[in-house]
Amino acid sequence: MTGILDTIKLAGTLVLAIPAALAGLEFLLVRGETTTGGILLVLAVTLVIVQHRVTLPSDVPGLVAKRIAGSVTEDDSDETETS
């Protein structure tokens, strides 16, 4: 489950990745420059993957908060079911 902040981060990344991918497709398909087009496409895909997978130091407090909230939620649900 992703939050609103994750969605905003993805949108910000796509703002940069989509024009690079479109330029890569143009170079690859229209102009016939396969090297430049391929590099731009790989760059666009890598940008999205890195944004999704890599944890930056600024992301650590949010991850800690999610884990704490998750553990509190799990404890409350366990007590409710056993009572």
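Everything below is about the structure printed above this text.
Residues numbered from 1 in each chain as written. Predicted model: local features only at pLDDT ≥ 70, side-chain atom pairs only at ≥ 80, totals over all residues. Heavy atoms only, no water.

K.L.:
Which residues make up the environment of Gly12, and what values do they have?
P.N.:
Relative to the helices and strands, Gly12 resides in helix 1 (residues 4–30). Each C-alpha atom, one on Gly12 and one on Gln51, is 9.9 Å from the other, the two residues being 39 residues apart in sequence. (Helix = DSSP H or I, 4+ residues; strand = E, 2+ residues; numbered from the N terminus.)

K.L.:
So what's going on with helix 2 (residues 34–53)? Which residues, and what values?
P.N.:
Three- or four-residue spacings in an α-helix give side chains the same orientation, since the helix completes a turn every 3.6 residues. Helix length check: helix 2 (20 residues) gives 28 Å between terminal C-alpha atoms against 28 Å at 1.5 Å per residue, within 8%. Those residues of helix 2 that fall on the buried side of the exposure criterion are Gly37, Leu40 and Ala44. For helix 2, the buried positions fall inside an angular range of 70° around the axis, keeping them on one side. Residues Thr34, Thr35, Ile39, Val42 and Arg53 are exposed on helix 2 and point more than 90 degrees away from its buried face. Here the buried face of helix 2 lies against helix 1. (Expected span 1.5 Å × (residues − 1). Buried < 20%, exposed > 50% of the residue type's maximum accessible area, 1.4 Å probe, protein only. Arc of directions from axis to C-beta. Contact = heavy atoms within 4.5 Å.)

K.L.:
Before we move on, can you summarise the packing of helix 1 against helix 2 with the specific residues and values?
P.N.:
Packed helix pairs are characterised by how far apart their axes lie and by the angle those axes make with each other. Where helix 1 meets helix 2, the axes come as close as 7 Å, and the angle between the chain directions of the two elements is 165°. As the angle between them shows, helix 1 and helix 2 are arranged roughly antiparallel. The interaxial crossing formed by helix 1 with helix 2 has left-handed handedness. Residues belonging to the contact of helix 1 with helix 2 are distributed by class as follows: 15 nonpolar, seven polar and one charged. (Axes fitted to C-alpha atoms, helices over the stretch in contact; angles between N-to-C directions. Parallel < 35°, antiparallel > 145°, perpendicular 65-115°, else oblique. Left-handed = near helix turned anticlockwise from the far one by under 90°. Nonpolar A, V, L, I, M, F, W, Y, C, P; charged D, E, K, R; others polar.)

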